[in-house]
Amino acid sequence: MAGSSPSVSELVTTARNLYMQVFREESPQVAVCAPGRVNLIGEHTDYNQGFVLPMALPLVTVVVGSKTSGKDVTVITATEDAGEPRRVDFSLPSDGSSLSPGLPCWANYVKGVIQHYRAPPLPGFRAVVASSVPLGGGLSSSASLEVAFYTFLQQLKPDDGDKVSKAVACQQAEHTHAGVPCGIMDQFVSVLGLEGHALLIDCRSLEATPVPLADPGLVILITNSNVRHSLTGSEYPMRRSQCENAASALGKDSLRDATMKDLEAAKTRLDEVTYRRARHVIEEIERTVHAAEALKRGAYKDFGKLMLESHNSLRDLYEVSCRELDELVSAAMEVEGVFGSRMTGGGFGGCTVTLLMAHTIDKAILHIQERYSGSPTFYITTPSEGARALTLP
Ligand code: GLA
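Calculation criteria
Residues numbered from 1 in each chain as written. Predicted model: local features only at pLDDT ≥ 70, side-chain atom pairs only at ≥ 80, totals over all residues. Heavy atoms only, no water. Helix = DSSP H or I, 4+ residues; strand = E, 2+ residues; numbered from the N terminus. Polar contact = N/O pair within 3.5 Å; in protein donor to acceptor, adjacent residues only side chain to side chain. Contact = heavy atoms within 4.5 Å. Pairing = 2+ DSSP bridges. Axes fitted to C-alpha atoms, helices over the stretch in contact; angles between N-to-C directions. Buried < 20%, exposed > 50% of the residue type's maximum accessible area, 1.4 Å probe, protein only. Phe/Tyr/Trp six-rings, centres within 6.5 Å; stacked < 30°, edge-to-face > 60°. pLDDT = per-residue confidence, 0-100.

> Mind laying out the side chain of Thr 354, listing which residues take part and the relevant values?
Mapped onto the elements of the fold, Thr 354 is located in strand 11 (residues 349–357). A polar contact is formed between the side chain of Thr 354 and the side chain of Ser 341, at a distance of 2.9 Å. Residues in contact with Thr 354, not counting those within four places in the same chain, are Val 219, Ile 220, Leu 221, Met 307, Ala 332, Val 338, Gly 340 and Ser 341.

> Break down the sheet that holds strand 7 (residues 197–202) for me, with residues and values.
Pairing is antiparallel in the open sheet, where three strands are placed in the order 2-7-8. What marks the edges here is a single partner per strand, and that holds for strand 2 (51–52) and strand 8 (207–212). Sheet analysis places strand 7 next to strand 8, joined by six bridges and oriented antiparallel. When the sheet's bridge partners are listed, Asp 202 is paired in strand 8 with Glu 207. This element, helix 5 (residues 185–192), spans strand 2, strand 7 and strand 8 of the sheet and lies at about 135° to strand 7.

> Provide a residue-level description of the pairing of strand 3 (residues 54–67), including the pertinent values.
Strand 3 sits mainly inside the fold: twelve of its 14 residues count as buried. In terms of strand pairing, strand 1 (residues 30–39) meets strand 3 through nine bridges, oriented antiparallel. Each bridged residue has a counterpart across the sheet, and for Cys 33 the counterpart in strand 3 is Val 62. Direction of pairing for strand 3 relative to strand 6 (residues 125–131): antiparallel, over a ladder of seven bridges. Residue Val 63 lies in a different strand from strand 6, and its bridge partner there is Val 129.

> Tell me about the packing of aromatic side chains, and name the residues and values.
Tallying each qualifying case throughout the model produces seven aromatic pairs. Ring geometry for Tyr 47 against Tyr 236: centres 5.3 Å apart, planes inclined by 70°, an arrangement best described as edge-to-face. Of the two residues, Tyr 47 is situated in the loop between strand 1 and strand 2 and Tyr 236 in helix 6 (residues 232–249); the sequence distance between them amounts to 189 residues. With a relative accessible area of 15%, Tyr 236 lands in the buried category. Seen in terms of ring centroids, Tyr 300 and Phe 339 are 5.7 Å apart; in terms of plane orientation they differ by 50°. Their pairing is tilted.

> Any details on the confidence of the model for the chain? Residues and values, ideally.
Residues of the chain with pLDDT of at least 70 account for 98%, and the chain-wide mean is 95. Element-level pLDDT for the chain is lowest in helix 6, with a mean of 93, against a maximum mean of 99 in strand 2.

> Give me the lowdown on the sheet that holds strand 5 (residues 87–91), citing residues and values where you can.
In space, the six strands of this open sheet follow the order 5-4-6-3-1-13, with mixed pairing throughout. The strands lining the two open edges of the sheet, one partner per strand, are strand 5 and strand 13 (388–390). The average undirected angle you get between the axes of adjacent strands in this sheet is 25°. One ladder, built from three bridges, connects strand 1 with strand 13; its direction is antiparallel.

Here's what the structure looks like:
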């Protein structure tokens, strides 16, 4: 009933065939992939130095390609993206100057990763990209492209292999070349994701604790609302600066260091919106730690309750949900055997994530389909491995 996505090897075949067709060459030398992610809980906490609990998805971005002798780069994408050109050509700057962002937009992730690659200078290359991560769906298609590209560059010219620094370099690429001041969650889990586990990431120390999530009686269902509201661009940086203002009004480096007691004591000095934003973050950080403990104990009911509290807080206090996401969450919560459901990712559209008993999955999908006013896409998913090199056939 849930839509099926191309497998990693199908994506490699697509990319490899396109490579051989366009460049009239033998097979490419290198293939890599990096996953998208779904965040189970801990939303808008990463850039506040808090905790997040995402897992890597079986949906991935694949890059195949080969080194060339000069400094020229050609990248082709097999994916249609808002009518943008699918091919980009540029030269690597030889004098250490930077690669400026431009059009097509998708190529900025590639340029950003080249710019922040930790073992310059790089050789020229030809590459083809193919992805099963839905674009703009809140499942980190952009982080998976950045991390896949970084992993590709590592095959052409190895860096020191430090995984956390790799995630940070990819986050920098997003800041400087896509103009999104994102936190570290998406790139981190795309690099370090583990099969059968969610990762409890401390976004201050950049340490991660794997939390087993492979109970065969349990299913993680992602529902794509298939809407993306145009607010996304401006609202994310606005939330981030509201949090920074709140932290400095409380005399803290970040909201990670603040407690609800601190916030209540400062309430009269804060405007109402700043108070609500800070309250979401402080409580969400605590919820995330409790949720990870509940998952370790197999206390799915407790976990589900925290998911729903997280959604309600994102809707009412942080104001990043929307009608479609609220509808999907309410519909899911009406089904017996569903433990919890919430919006996932930045918000204003994209996906929800639902934790439910395996035997109830068909009923849940039917019910959500019936109740949702739009047309949803479903993914039944499992925690998967982070970025990796692949062997070509
Ligand atoms: C986006 C950002 C992440 C994180 C989430 C919200 O996905 O890329 O860093 O801030 O939003 O939790």
